[in-house]
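These are the residues of each chain, in order.
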Amino acid sequence: MAIENAILEAVLKRSKGAAKQGDMDQERDDFGGVRDRVEDLISSIVGLEHIKCQIRGLRRTTEICDLRESLLPDHGNGIRGLSAALLGATLTDTGGRPRAPHMIFFGNPGTGKTAVARLLAKVYHELGILRKPKFLEVERMDLIAADQRGTIAKTREVLEEARGGILFIDEAYTLGMTSKRSRAENAGNDAMTEIMRSIDTDEAGRDSPLVIMAGFPTEMNLFLARHEELRRRFDVTFEFPDYTCQELAEIFVDLVHAKGFYLDETVRVDYIAKLLLKQTDTFWRSERNGRVSELLLAGARTEVRKRIRSSQFEEQEVDPQLILRQDIETAMEDLK
């Protein structure tokens, strides 16, 4: 039991330390070290702490499984490590690597559902939970055909394409809707049946894709209430709350750097957040979320282009990659 506790404590320390790695990892990189790729990916998510905790928890479980595998005896090639008796029940009751649960994502437009699902494909592949970092995004039209046979064929084709990775079904609640143009009234049910069959098959270790169903909160709740058989196959539900003004400001700054621009030294995240709070209202932001940051950057870039054009006539030097405070203020006024 002492050995087991020591191993568990080491894994916990390692996982807790991952959250503090940022600057230290960068220093190690400068000297030829290796970054913690998983933590880098997790840390790239703005907000959504409950999702980060879930991923880090799965990471700890994976590390424990890896340690267990390295310490247990290898019956095929002799003793590889410590005996199971020394390791204790906690580390020996279950075999193999953990499975990531199938998930449901609730959230308003622009809350990052698709971006997080795409990132999960990379993270879970890095952890060895997924065979490949495949991410396939589909919607109703990619699964539904004009008749039952066609729907089954299309859904199976999509599931096969996503095998070993993540299948992300956006606006999944539309599978519960009927189309007057389709000859198959229950086309959505046929697609859901194939998805459930894939999930059930995965329990037998057939490498079926990890399925994430996403959509708006009200619509998804109504849809899942009507399809209990489908609902109970998804173990984890994540709610994506609307971004705060502070988080939108952070996303804006990240976008600025990602596009090769930089901000005037007088522009800070807190200042942008206060502008957003003053110039926009809660309902307007909830209809857009991350899109607000994209719109703000687009407006600021327009102001930069205007300054570049006017400088050609006034013979002034202009930095084409610098976004000024006044650019953001003007763009903010034009947002609504």
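Above this text sits the structure in question.
The notes below deal with the structure included here.

### Here we look at the overall build of the protein
Then step 1. Of the regular secondary structure elements, the protein holds 16 helices and seven strands.
Then step 2. Considering only intrachain contacts with a sequence separation of at least 6, the fraction spanning at least 24 residues in the protein is 73%.
Then step 3. Carbon together with sulfur atoms contributes 50% to the accessible area of the protein, which is approximately 18500 Å² in total.

### Overview of a negative patch on the surface
Then step 1. On the surface, a cluster of negative charge is made up of Glu139, Asp142, Glu171 and Glu219.
Then step 2. Along the chain, Glu139 turns up in the loop between strand 2 (135-138) and helix 7 (140-143).
Then step 3. The exposure class assigned to Glu139 is partly exposed, which follows from its relative accessible area of 36%.

### Quick word on the layout of surface pockets
Then step 1. For the largest pocket, the calculated volume is near 640 Å³.
Then step 2. Those elements giving two or more residues to the lining of the largest pocket turn out to be helix 6 (113-126), helix 12 (245-258) and helix 15 (290-314).
Then step 3. Top element by residues in the lining of the largest pocket is helix 6. It accounts for five residues.

### Some words on the environment of Thr280
Then step 1. Tracing the backbone shows Thr280 in the loop between helix 13 (269-279) and helix 14 (282-286).
Then step 2. Along the sequence, Thr280 and Met332 sit 52 residues apart, while their C-alpha atoms lie 8.7 Å from each other.
Then step 3. Not counting residues within four places of it along the chain, the set of residues in contact with Thr280 comprises Arg285, Leu335 and Lys336.
Then step 4. From its side chain, Thr280 meets the backbone oxygen of Leu276 in a polar contact 2.5 Å long.
Then step 5. Polar side-chain contacts of Thr280 include one of 2.8 Å to the side chain of Arg285.

### Points about helix 12
Then step 1. The terminal C-alpha atoms of helix 12 lie 20 Å apart, and with 14 residues this matches the ideal 20 Å at 1.5 Å per residue to within 8%.
Then step 2. Of the positions making up helix 12, those classed as buried are Cys245, Leu248, Ala249, Ile251, Phe252, Val253 and Val256.
Then step 3. The inward-facing, buried residues of helix 12 contact strand 6 (262-263), helix 13, helix 14, helix 15, strand 7 (322-323) and helix 16 (325-333).
Then step 4. One or two steps after helix 12, the chain reaches Gly260, where phi turns positive at roughly 85°.

### Let's talk about the packing of helix 15 against helix 16
Then step 1. Axis separation between helix 15 and helix 16 bottoms out at 8 Å; the angle between their running directions is 125°. Looking at the two axes, helix 15 sits oblique to helix 16. Crossing hand, helix 15 versus helix 16: right-handed. Packed against helix 15, whose contacting residues are Leu296, Gly299, Ala300, Glu303, Val304 and Arg307, the element helix 16 presents Asp327, Ile328, Thr330, Ala331 and Met332 at the interface.

### Quick look at the packing of aromatic side chains
Then step 1. What the rule picks out here adds up to four aromatic pairs.
Then step 2. Aromatic side chains Phe105 and Phe240 sit 4.8 Å apart centroid to centroid with 50° between the ring planes, which places their arrangement in the tilted category. One end of the pair, Phe105, is in strand 1 (residues 103-107); the other, Phe240, is in strand 5 (residues 236-240), and 135 residues separate them in sequence. Each member of the pair, Phe105 as well as Phe240, is classed as buried.
Then step 3. Aromatic side chains Tyr173 and Phe216 sit 6.1 Å apart centroid to centroid with 40° between the ring planes, which places their arrangement in the tilted category. Placement of Tyr173 in the loop between strand 3 (166-169) and helix 9 (187-202) and of Phe216 in the loop between strand 4 (210-215) and helix 10 (217-226) is noted, with a sequence separation of 43 residues between them.

### Looking at the nonpolar core
Then step 1. The biggest cluster of nonpolar side chains holds 30 residues, and the ones touching the most others in it are Phe105, Leu120, Tyr124 and Ile212.
Then step 2. For this core, the secondary-structure elements that each account for two or more residues are helix 3 (37-43), helix 4 (49-71), strand 1, helix 6, strand 3, strand 4 and strand 5.
Then step 3. Top contributing element to this core by residue count: helix 6, with seven residues.
Then step 4. The residues contacting Tyr124, other than those within four sequence positions of it, are Leu58, Ala100, Met103, Ile129, Leu130 and Leu210.
Then step 5. Of all hydrophobic cores here, the second largest spans 28 residues; its members include Val256, Tyr271, Leu275 and Leu335.

Calculation notes
Residues numbered from 1 in each chain as written. Predicted model: local features only at pLDDT ≥ 70, side-chain atom pairs only at ≥ 80, totals over all residues. Heavy atoms only, no water. Helix = DSSP H or I, 4+ residues; strand = E, 2+ residues; numbered from the N terminus. Contact = heavy atoms within 4.5 Å. Areas by Shrake-Rupley, 256 points an atom, 1.4 Å probe, with all protein chains shown as cover. Patch = residues over 30% accessible without salt bridge, like charges linked within 9 Å, V, L, I, M, F, W, Y side chains within 5 Å. Salt bridge = Lys/Arg side-chain N within 4 Å of Asp/Glu carboxyl O. Lys, Arg positive; Asp, Glu negative; His and termini not counted. Charge placed at Lys NZ, Arg CZ, Asp CG, Glu CD. Buried < 20%, exposed > 50% of the residue type's maximum accessible area, 1.4 Å probe, protein only. 1 Å grid on protein atoms, 1.4 Å probe; cavity = no way out; pocket = protein on both sides within 12 Å on 5 of 7 lines; lining within 4 Å. Points joined across faces, edges and corners; volume = space filled by probe spheres on them. Polar contact = N/O pair within 3.5 Å; in protein donor to acceptor, adjacent residues only side chain to side chain. Expected span 1.5 Å × (residues − 1). Axes fitted to C-alpha atoms, helices over the stretch in contact; angles between N-to-C directions. Parallel < 35°, antiparallel > 145°, perpendicular 65-115°, else oblique. Left-handed = near helix turned anticlockwise from the far one by under 90°. Phe/Tyr/Trp six-rings, centres within 6.5 Å; stacked < 30°, edge-to-face > 60°. Core = buried A, V, L, I, M, F, W, Y, C linked by side-chain atoms within 4.5 Å.

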